[in-house]
Amino acid sequence: MFLSILRWRQIFAERPRLAAFVFGVSVLLTVFPGTPTMAQQNVVVVRPKEIHDVLVNPDMGITTFQRFNGQEPNPPLKWSEVGPVTKLPAAATTPDFPEASVAYCRWYWNVVEPEPGKFNWEIVDLAIEEARAHGQKLAIRLMPYSNEDALPEWYRKSGAKRANKDSDKDGKIWQPDFSDPLFLKFWGELVAEAGLRYDGNPHLNTVDISSVGYWGEGWSPYMPAFSTQKALIDIWLEAFKRTPLLMNFDEPQALAYGTQQGAGWRLDCWGDMRVSSTNPYFPAEMLEIYPQQIVRTGIQNVWQRSPVSLETCYTVPGWKERGYDLDYIIAQGLRWHVSTVNIKSAPIPAEWKSKFDDFQKTIGYRFILRRLEYSKTVKPGTMMPVHMWWLNSGVAPVYSQYDLAMELRSSGSSAIIRIPVDVRKWLPGDSVFDDTVYVPQDLDEGTYDLRIAMLDPRTGKPAIRFAIERRQDDGWYAMGSIMVKAH
């Protein structure tokens, strides 16, 4: 707040020494207006140069599907909904598919629990280990059944109620009555066991909330009341309190509820550009359902605290074959602040690769250090002013915590100084840090390299690539040098 002239006169009358000091400073600033102060002379200013590469960073980007980095992609127009149960071989040559930080796999109930209470978690464990071995995290969905893959035989013979008959149009698949307490009981036991085993696993990216209908997507000709849908969502919310959950998109009331409880969201038919449909369970999504349902369910801002994930309708070559508008599809994905995209491990048509490169540079987060200021010379055991100006040029934040850090390193001594910021709050746009950090007392005198990184808090190792030059082999970014003097 500015003080009036009358108030300043009163202060100076009461404190003549203060008046003399202020007068002296004002004379100096008047006589030498362009002269830098000692503090200004002790400042190093770094303006890193931006790069425009596609960056592979944790928890974002195009994912592999039912396979891992370095393995053979799917054919252009086909894919399998059956998740891997054995170790898959590496491709004979470098695959024509982007490197991915996330592998997405899903399995049916009859594979995960072939007998009541006997869970085949080895296949999920193997997938986690394979993801780690290929430099990825794993995203998963456990699915009750599909139009081709039946519920476990033991469940169908358990006395559970059936919603259809053999003579019905869909009679080849045994459709459960979702309001039957046995469905909630047995499916709930599977989900609870999965949560006990995997919730909080640092190698898991996300878990889909899987409930009603084919593939657990949340829709069915035999939809139960919302109270039952809610109960089938709640079992996931109870089982996974630490690993991010994704709510499937199809039922508006269920979508709104799941996201209100903290889940992110995903949709299974990104890119469906049909203009009309006679199938009530397969409407024209991109031009009708999706944009409007996002508004109607109030999930426009979920991306600010929980991830958004998209999956292609058909495959990208399938879009091209149908003459779909790629620019519109990509623009919608960016408007929805997408972090991960499953294109079903199908190759990207050669003439579309540049557009997908640009897409990958924008989805998720992308951190650019615009300016760094620090002291040329510091004394151990004191506070050093630091200024950082960052830009997140992506469309989403990073949803896991990473430690922004400075390292001072010489041939005989080093120290890591963590910057007190929560990078999860860096939404698209600019972020500024203006504060002081403590220079460790035990640093030896000498010249140090100053480096920055975002560290995985579990390992203490650099985890995130920035869109700037100066990255070194160990993942740290060289910024300059700093002198440590005891006196």
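Look up a bit, the structure's there.
A. Quick look at the packing of aromatic side chains. Applying the stated criterion to the full structure yields 32 aromatic pairs. Measuring from centroid to centroid gives 5.1 Å for phenylalanine 249 and tyrosine 290, while their planes differ by 85 degrees, and the two rings are edge-to-face. Residue phenylalanine 249 is found in the loop between strand S6 (245-248) and helix H9 (252-260), and its partner tyrosine 290 is found in helix H10 (residues 285-296); the two are separated by 41 residues along the sequence. The same class applies to phenylalanine 249 as to tyrosine 290, namely buried.

B. Structural context of helix H12 (residues 326-335). Of the residues making up H12, those classed as buried are Leu326, Ile329, Ile330, Gln332 and Gly333. All buried residues of H12 project into a common sector of 160 degrees when viewed along the axis, lining one side. At its buried positions, H12 is contacted by strand S7 (264-270), H10, strand S8 (308-312), helix H11 (316-322) and helix H13 (353-360). Histidine 337 occupies a position one or two residues after H12 and carries a positive phi of about 60 degrees.

C. Region of interest: the sheet that holds strand S15 (residues 429-438). As summarised here, the arrangement of the 4 strands in space is S1-S10-S12-S15, forming an open sheet in which the pairing is antiparallel. Both edges of this open sheet fall to strand S1 (43-46) and S15, since each of them pairs with a single strand only. When strand polarity is set aside, the average angle formed by the axes of neighbouring strands in this sheet is 15 degrees. Strand direction decides the pairing type here: strand S12 (residues 383-392) and S15, joined by 10 bridges, are antiparallel. When the sheet's bridge partners are listed, asparagine 392 is paired in S15 with glycine 429.

D. Up close: the nonpolar core. Within the largest apolar cluster, 84 residues are counted, with the highest numbers of intra-cluster contacts made by Trp107, Leu138, Trp187, Trp236, Trp265 and Trp270. If you tally residues by element for this core, the top one is helix H7 (residues 181-198), at 7 residues. Among residues more than four places away in sequence, those in contact with tryptophan 236 are Leu142, Trp187, Val191, Val207, Asp208, Ile209, Ser210 and Leu245. Counting residues in each nonpolar core, the second largest holds 43 residues, with Phe367, Tyr374, Tyr402 and Leu450 among its members.

E. Looking closely at the state of the cysteines. Summed over all chains, the structure comprises 1 disulfide. Sulfur-sulfur distance for the disulfide between cysteine 269 and cysteine 313 comes to 1.6 Å. Residue cysteine 269 is located in strand S7, and its partner cysteine 313 is located in the loop between S8 and H11; the two are separated by 44 residues in the primary sequence. Its relative accessible area of 4% is what places cysteine 313 among the buried residues.

F. Spotlight on the environment of phenylalanine 119. Along the polypeptide, phenylalanine 119 turns up in the loop between helix H4 (109-112) and helix H5 (122-133). Beyond its immediate sequence surroundings of up to four residues, phenylalanine 119 is in contact with Val112, Glu113, Glu189, Leu190 and Glu193.

G. Representation of unusual backbone geometry in the model. Although it is not a glycine, tyrosine 314 adopts a positive phi angle of roughly 60 degrees. Here tyrosine 314 is to be found in the loop between S8 and H11. One non-glycine residue, lysine 344, lies in positive phi territory at about 65 degrees.

H. Structural detail: the pattern of salt bridges. Scanning the model with the defined rule gives 33 salt bridges in all. The partner of arginine 274 in a salt bridge is glutamate 285, with the nearest N and O atoms 3.5 Å apart. Taken together, the positions of arginine 274 in the loop between S7 and H10 and glutamate 285 in helix H10 put the pair 11 residues apart, joining distant regions of the chain. The same class applies to arginine 274 and to glutamate 285, which are both buried. As a salt-bridge pair, glutamate 373 and arginine 371 come within 2.6 Å of each other at their nearest N and O atoms.

I. Inspection of H9 at higher detail. Of all the positions in H9, only Ala254, Leu255, Ala256, Tyr257, Gly258 and Thr259 are classed as buried. The elements touched by buried residues of H9 are helix H8 (226-239), S6, S7 and H10. Backbone geometry just after H9 places glycine 262 at a positive phi near 115 degrees.

J. Representation of the pairing of strand S16 (residues 446-455) in the model. Burial runs high along S16: 7 of the 10 residues are buried. In the sheet, strand S13 (residues 403-409) pairs with S16 via 7 bridges, with the strands oriented antiparallel. The residue bridging alanine 405 from the neighbouring strand is alanine 453, located in S16. Pairing analysis gives 7 bridges linking S16 to strand S17 (residues 477-484), with the strands arranged antiparallel. Its bridge partner being in S17, isoleucine 452 is matched across the sheet by tyrosine 477.

K. Representation of the side chain of serine 309 in the model. Among the structural elements, serine 309 can be located in strand S8. Not counting the four nearest positions on each side in its chain, serine 309 is found in contact with Leu246, Trp265, Arg266, Leu267, Val338 and Thr340.

The rules behind these values
- Residues numbered from 1 in each chain as written.
- Predicted model: local features only at pLDDT ≥ 70, side-chain atom pairs only at ≥ 80, totals over all residues.
- Heavy atoms only, no water.
- Phe/Tyr/Trp six-rings, centres within 6.5 Å; stacked < 30°, edge-to-face > 60°.
- Helix = DSSP H or I, 4+ residues; strand = E, 2+ residues; numbered from the N terminus.
- Buried < 20%, exposed > 50% of the residue type's maximum accessible area, 1.4 Å probe, protein only.
- Arc of directions from axis to C-beta.
- Contact = heavy atoms within 4.5 Å.
- Pairing = 2+ DSSP bridges.
- Axes fitted to C-alpha atoms, helices over the stretch in contact; angles between N-to-C directions.
- Core = buried A, V, L, I, M, F, W, Y, C linked by side-chain atoms within 4.5 Å.
- Disulfide = S-S within 2.5 Å.
- Salt bridge = Lys/Arg side-chain N within 4 Å of Asp/Glu carboxyl O.

Honestly, that's just the spatial picture; any functional story needs more than this.
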